[in-house]
Amino acid sequence: MADQEKEVSEEKEIQDVHENGNQQSEDEMRIEVQDGQLSFIGRDCDSIPPFLANSFGTITTRLDLSFNRLSNLQGLDAFHNLEELVLDNNELSDEAVVPRLPKLHTLSLNKNKITNLDLLLDKLSQNFPSLTYLSLLGNIACPNQLSCLDKDEEDYQRYRYYVLYRLPKLKFLDSTTVRETERGEAQRKGQFLKVMRPPEAAFQGQEDDSAPIPYSPLPHADEKDGGKGGVLGVSKYVYYGRHSEGNRFIKNQDL
């Protein structure tokens, strides 16, 4: 019985290899690079297929990998001459490693899972020195109504100032051309718009503050033996002025 199960398992592995190989061969046959442009859209892949880099890495200048399930950019470093990269509608997060591509000037990352703007800008400034076009719409890191309904125009403008401050060569951000007046404001205000995030270690070991605190309306000196003291008294106040309630029924001639 064990031998039969092992044989079935081996046959299934061989079948999977053949199916994957056939699928890859079909993909290779259908892919063409025209004028340096390579499109690999909607193939449901979670990483860049190795054959793309091996076969087309050196001749591709524009790469479109949108509408996949990419969670990493492994293999992207093989595209040495890449100038434009489209990664819209994937699953890229803050953990994605970005290779150095010195010729890249256009990057579109719309509708991914990027939340940490500072971390992303660090990666882009270090690895894409020629970047002039950037789009981050649909990510939490880009605070507009596509990602967060509670954000407004002021939140988005502050985000633009900070991005332009960190990446001063940008000519186009998201869906809008960068104006010179906006660039000047970014250089003036950008350094003050960074969102500070406390490290997670700062919250470790702290007591839970959500527990309710016993309420006492009296000073601690009045609490004896766990009991609560109280004060009972009568306050008597009589108003005899012209605007008292009783004066509403007195005619002027009676005053």
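Just above sits the structure.
Since the model is a prediction, treat every value here as computed from it, not as a measurement.

S.K.: Sorry, what's going on with the side chain of N110 here?
M.R.: Looking at the secondary structure, you find N110 in the loop between β4 (106-108) and α3 (117-127). Using a relative accessible area of 16% as the deciding quantity, one classes N110 as buried. With sequence-adjacent residues up to four places away left out, N110 is seen in contact with L87, D88, N89, S135, L136, L137 and N139.

S.K.: Looking at this model, I keep getting lost on helix α4 (residues 153-166). Mind explaining?
M.R.: Think of an α-helix as turning once every 3.6 residues; residues three or four places apart then point the same way. End to end, α4 covers 20 Å across 14 residues, agreeing with the expected 20 Å (1.5 Å per residue, within 8%). Along α4, the residues classified as buried are D155, Y156, Y159, R160, Y161, Y162, V163 and L164. Looking at the packing, one finds that the buried side of α4 touches α3, β5 (133-135), β6 (172-173), β7 (176-177) and α5 (180-189).

S.K.: Before we go on, may I ask you to explain the environment of L173 in this structure?
M.R.: Following the sequence through the fold, L173 ends up in strand β6. Taking C-alpha positions, L173 is 5.6 Å from S135, a pair spaced 38 residues apart along the chain. Excluding its chain neighbours within four sequence positions, the residues that come into contact with L173 are L134, Y156, Y159, R160, V163, L164 and V178.

S.K.: Whenever I open this one, the packing of α4 against α5 confuses me. Can you help?
M.R.: To describe two helices that pack against each other, one gives the angle between their axes and the distance between the axes. Interaxial distance between α4 and α5 falls to 8 Å at its minimum, and their mutual angle equals 80 degrees. Classified by the angle between their axes, α4 and α5 sit roughly perpendicular to one another. Counted together, Q157, R160, Y161, L164 and Y165 of α4 and E182, E185, A186, Q187 and K189 of α5 form the full contact between these two elements. Of the residues belonging to the contact of α4 with α5, the class tally is four nonpolar, two polar and four charged.

S.K.: Honestly, the packing of aromatic side chains in this entry has me stumped. Any pointers?
M.R.: For any pair of aromatic rings, the description consists of the separation of the ring centres together with the inter-plane angle of the planes. Scanning the entire structure with this criterion turns up three aromatic pairs. A centroid spacing of 4.8 Å and a plane angle of 5 degrees characterise the contact between Y133 and F172, whose relative ring orientation is stacked. One end of the pair, Y133, is in strand β5; the other, F172, is in strand β6, and 39 residues separate them in sequence. With a relative accessible area of 23%, F172 lands in the partly exposed category. On the basis of an interplanar angle of 35 degrees and a centroid distance of 5.3 Å, the ring pair of Y156 and Y159 is categorised as tilted. In this pair, Y156 and Y159 are both assigned in helix α4, three residues apart and thus about one turn of the helix distant. Each member of the pair, Y156 as well as Y159, is classed as buried.

What counts, and at which threshold
Residues numbered from 1 in each chain as written. Predicted model: local features only at pLDDT ≥ 70, side-chain atom pairs only at ≥ 80, totals over all residues. Heavy atoms only, no water. Helix = DSSP H or I, 4+ residues; strand = E, 2+ residues; numbered from the N terminus. Buried < 20%, exposed > 50% of the residue type's maximum accessible area, 1.4 Å probe, protein only. Contact = heavy atoms within 4.5 Å. Expected span 1.5 Å × (residues − 1). Axes fitted to C-alpha atoms, helices over the stretch in contact; angles between N-to-C directions. Parallel < 35°, antiparallel > 145°, perpendicular 65-115°, else oblique. Nonpolar A, V, L, I, M, F, W, Y, C, P; charged D, E, K, R; others polar. Phe/Tyr/Trp six-rings, centres within 6.5 Å; stacked < 30°, edge-to-face > 60°.

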